[in-house]
Amino acid sequence: MLSLGWLFLCFVAGEQTTGFDHSACATKRLLWIYPVKGAENFVLFCDLPELLKSQFSHINQLSPTQGPAHTPCSGNQNLSDVQWYKQPRRGGPLEEIDRNSSHERRGMLWLSAPQINNAGSFICRPRLRNPQDMACCVKTILELKPQRNVSCGNPAEHKQYLFLGSTGSIYCPSLSCQRDAQSPEMTWYRDGRLLSGHKNSVIKLEDVYIDDRGLYVCDYTQSDNVSSWTVRAVVRVETIVKDSNRKPDILDPITDTLEAELGKSLTLSCRAQFGFQKDVQPVIKWYARESTQEREILGSKEERPESNFKSTVIEYTAVLTTVTQRDLSSKFVCFAQNSVGNTTRTIQLRKKEGVVFVYILLGTAMALVGILVSAAFLYWYWIEIVLLCRAYRSKDETLKDKKEFDAFISYANWSSPESAAIGSPSEEHLALNLFPEVLENKYGYTLCLLERDVIPGGVYADDIVSIIKKSRRGIFILSPSYVNGPCVFELQAAVNLALVDQTLKLILIKFCSFQVPESLPYLVKKALRVLPTVTWKGFKSVQPSSRFWTQICYHMPVKHASRFMCNRLSIIPGGFSPENPTRETPSGGASGSGDSHGTRNLLLSSTQKRC
C-alpha cells in the first residue's frame, strides 16, 4: 500500500509539472547585457500584479456588455512563495527549480555568471492558488547580449560604492554605453521593491546613509522594428567610508608573556582592528620564530565589523594541541598587515609552576598577614609587654641608689574657676586618694605627698628640693591652676635637678587642657614639650585596670617585691577585678604622721571636681 501511495504521488506530481499549460501566462521579454570581463549576477522578479493588471485590463474594455472579464489571478497570492520553472531555449519539458536552491530567495530568481544555458524562458506562479487560477503565471523570456562597446568612456560599474554622509549617485550600467538610448524612462528596484519616485537613469542621493546599500535593478524599454525588450541591469551598491591611512592596531595579546603547561593544549588569540580599505584584503596570522627560522601556525579567522563601518575587528585563533619544550623556547608573533603597513606583537611562553607555586604564594601572604597582625599587637600592647618582662627581670633599679621615695607627687591644692564643672575627681583627689590606693597598695611603690610625709615648719623651697632629691620619679599633675600658680616652682626645681641627676625621671599627667603661659622659664616650656605625658580621661581612668595606670607603671622604676608580684602581672587589661578607688583614710607613708595635719584631712574630705 505504501508503494502504491508513492506511485500515485509521483504520478500526480508529474502530471502537474508536465501538464502545466503556460501558453496563457503573461509574457515579459528581458535582455541581459552583461560585461565581457567579469561575471555579474542577475535577478528575475515574479511581478504578477504589474504584468497581469496591464495585460488583462484591455479585456474589460473590449467586452463591456458581457460583464467583467475573468482575471487569471484572484489577487490574494503570496508573491514571496512562488514556484519557478525553466524551459530550455531549444524546447523541451519544463524543469522545476527547487525552492531550497540558493538561486531562489524571497520570490526572486538569482542567476550567476552569464552562460549559454541561462538563455531561455523562466516561468513563475504562486504555490498557493485557487483552482480557477491555473493561468496565474508570468513567463519571462531571457536573452543574453555581451557588452562589447567600451568606447563610451568610463562605463558604470555593476558594483558601485557610496561614501557615508556625503552626496552620491547610482548609475544604470546597461544604459551608460547604449548610443541609441536617449534617456528612456527607467524603472528602479531595490532589494526586490519598486522605487516609484525614480524615473531617470541616475538616482541622486543628497545624503548617503547605511540603509542606501543593497541590490538595485534598473529596467528600461528598448524597441526595434520587430519586437520590444526590457533591458535590465543589476547594481550592487555598498555604503563605505573613506580609506583609512593607519596601520592595524593589535588589541590582543596585550602582554609579552603567557603561561602554559607542558603537555597540555594552548589557545593563541590574535585580535586586531583594521581601518576600512575598499580594495585591500587585510592579513592576520600567527607564526613561531625559532632563532633564524619561522613557521606559520594555522588557525581560524573571524571578522566583526564595527557599527560605524570605519573599522573591522578580526580575530585569528590558533591552537597548540600539545605544548612542548620547543614551544617554550620559541617566540610567537601576532602579525597584522594592510596597505599602510604591518604591526606585530611578540609573546614568550612561560612555564606554569602549578600548585606548588600557589602554596608558596599563599604561605608568603599568610606570613605577611601574621607579621602585620603581630606588629599591630606589639604596637598596641607594647607597654603591657614591657611590664610583663619587668616582672621576671632580676635587676631592681631601687637597690643601692640611696633614695627614699619611688615618686614625688606634685599638684595644685586648689581648683581654678575653669575646673568647677562636676563629673570626675579633682586633682587633689587623684593625688591624695587614687595614687596611694593604686601605686602603693597594689604595686608596692613608695610615694611622697607634701601634706602627708613632710613635717611643716621648714622652708618650702628647701623642703621641695630635698624631697625631689630623695625621689626616683617626679609625677606632676598639670592643670590651668598648676601652670598658672606657684606650684609650677616644683616642676621647675625638678627639671633643674634632673639635668644633673640621671636617675631622676619626670612624668607629666595632663589632667585637663591648658595653655602654656609665656611667663614660664624656657626649661619648663621645653620640658612640657619633650617629657613623657599621660592623659587623664576622667572616670575612664579611675579603675586600676585602665590604660592610665598601665602607662604610669611603664614610666615608674623597676622594683621587685614578692608580695606585689601578682599585682604587677595583673596590668594586662582584664587581669584583675576593679576595686573602690577611693577610701576615707589613705594608708600610712614613710613618716606615719598623716593624721596630725589638718590640711590633709581637709583635702581628703573635699568634694570631687574637674577642670
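What counts and how
Residues numbered from 1 in each chain as written. Predicted model: local features only at pLDDT ≥ 70, side-chain atom pairs only at ≥ 80, totals over all residues. Heavy atoms only, no water. Helix = DSSP H or I, 4+ residues; strand = E, 2+ residues; numbered from the N terminus. Contact = heavy atoms within 4.5 Å. Disulfide = S-S within 2.5 Å. Buried < 20%, exposed > 50% of the residue type's maximum accessible area, 1.4 Å probe, protein only. Core = buried A, V, L, I, M, F, W, Y, C linked by side-chain atoms within 4.5 Å. Pairing = 2+ DSSP bridges. Axes fitted to C-alpha atoms, helices over the stretch in contact; angles between N-to-C directions. Right-handed = clockwise from strand over helix to strand, strands pointing away. Salt bridge = Lys/Arg side-chain N within 4 Å of Asp/Glu carboxyl O. Parallel < 35°, antiparallel > 145°, perpendicular 65-115°, else oblique. Nonpolar A, V, L, I, M, F, W, Y, C, P; charged D, E, K, R; others polar.

Examining the overall build of the protein
Summing up its helical and strand segments, the protein has 15 helices and 29 strands in all. The contacts in the protein between residues at least 6 apart in sequence include a share of 72% that link residues at least 24 apart.

Structural notes on the state of the cysteines
For the structure on display, the rule yields four disulfides. Paired through a disulfide, C172 and C218 show a sulfur-sulfur distance of 2.0 Å. Around the S-S axis, the bridge from C172 to C218 shows a dihedral of about 75° and counts as right-handed. Taken together, the residues span a long stretch of sequence, with C172 in the loop between β10 (168-171) and α3 (173-176) and C218 in strand β14 (residues 214-223) at a distance of 46 residues. Assigned by exposure class, C172 and C218 land together as buried. With a sulfur-sulfur separation of 1.7 Å, C270 is cross-linked through a disulfide to C334. On the sign convention where negative means left-handed, the S-S torsion of about 50° between C270 and C334 marks this disulfide as right-handed. With C270 in strand β18 (residues 266-275) and C334 in strand β23 (residues 331-337), the pair connects residues that are 64 residues apart, well separated along the chain. A single burial state applies to C270 and to C334, both of which are buried.

So, the environment of P486
Mapped onto the elements, P486 comes out in the loop between α10 (480-483) and α11 (488-498). Linking P486 and A412, residues 74 residues apart in sequence, is a C-alpha distance of 8.5 Å.

A few points about the nonpolar core
In terms of nonpolar packing, the biggest core is built from 28 residues, with I409, F435, L439, I475, I477 and I552 touching the most fellow members. Residue assignment for this core shows that the elements contributing at least two residues are β25 (405-410), α7 (427-440), β26 (447-449), β27 (471-478), β28 (505-510) and α13 (547-555). With seven residues, α7 is the largest single contributor of residues to this core. Dropping the residues within four chain positions of it, I477 is found in contact with I409, S410, Y411, E427, L430, A431, F435, Y482, I509 and F511. If you look at the next biggest cluster of nonpolar residues, it comprises 26 residues, including F408, C448, L491 and L504.

What to know about the sheet that holds strand β29 (residues 533-535)
Consider a sheet: its strands pair through backbone hydrogen bonds, and that pairing is either parallel or antiparallel. Taken together, five strands build an open sheet; the order of strands is β26-β25-β27-β28-β29 and the sheet is parallel. Across the chains shown, the open sheet's two edge strands, defined by having one partner strand only, are β26 and β29. Neighbour to neighbour, the strand axes of the sheet diverge by 25° on average, direction disregarded. Pairing analysis gives six bridges linking β27 to β28, with the strands arranged parallel. Looking across to β28, one finds that L478 is bridged to K510.

What about the sheet that holds strand β21 (residues 299-305)?
The antiparallel open sheet is built from four strands, whose spatial order is β16-β18-β22-β21. What marks the edges here is a single partner per strand, and that holds for β16 (249-252) and β21. Across the sheet, the mean angle from the axis of one strand to that of its neighbour is 25°, orientation sign disregarded. The pairing of β18 with strand β22 (residues 311-320) spans 10 bridges and is antiparallel.

Side note on the pairing of β28
In terms of strand pairing, β28 meets β29 through three bridges, oriented parallel. Its bridge partner being in β29, I509 is matched across the sheet by V534. Regarding the hand of the β-α-β motif, the stretch spanning β28, helix α12 (residues 522-530) and β29 is right-handed.

A few points about the pattern of salt bridges
Inspection of every chain in the model, using the stated rule, returns 16 salt bridges. Note that E259 is salt-bridged to R350, the shortest N-O span being 3.2 Å. Of this pair, E259 sits in strand β17 (residues 257-260) while R350 sits in strand β24 (residues 342-351), placing them 91 residues apart in sequence. When its relative accessible area of 39% is taken as the criterion, E259 is described as partly exposed. A relative accessible area of 39% places R350 in the partly exposed class. Sharing partners across several salt bridges, the network here consists of E290, R295, R326 and D327.

Side note on the packing of α7 against α13
Orientation of α7 relative to α13, taken along the N-to-C sense of each, is 75°, at an axis distance of 12 Å. By the angle between their directions, the pair α7 and α13 is classed as roughly perpendicular. Between α7, through L430, L434, F435, V438 and L439, and α13, the contact on the second element is made entirely by W549, I552 and C553. In terms of residue class, the contact of α7 with α13 is made up of eight nonpolar, no polar and no charged.

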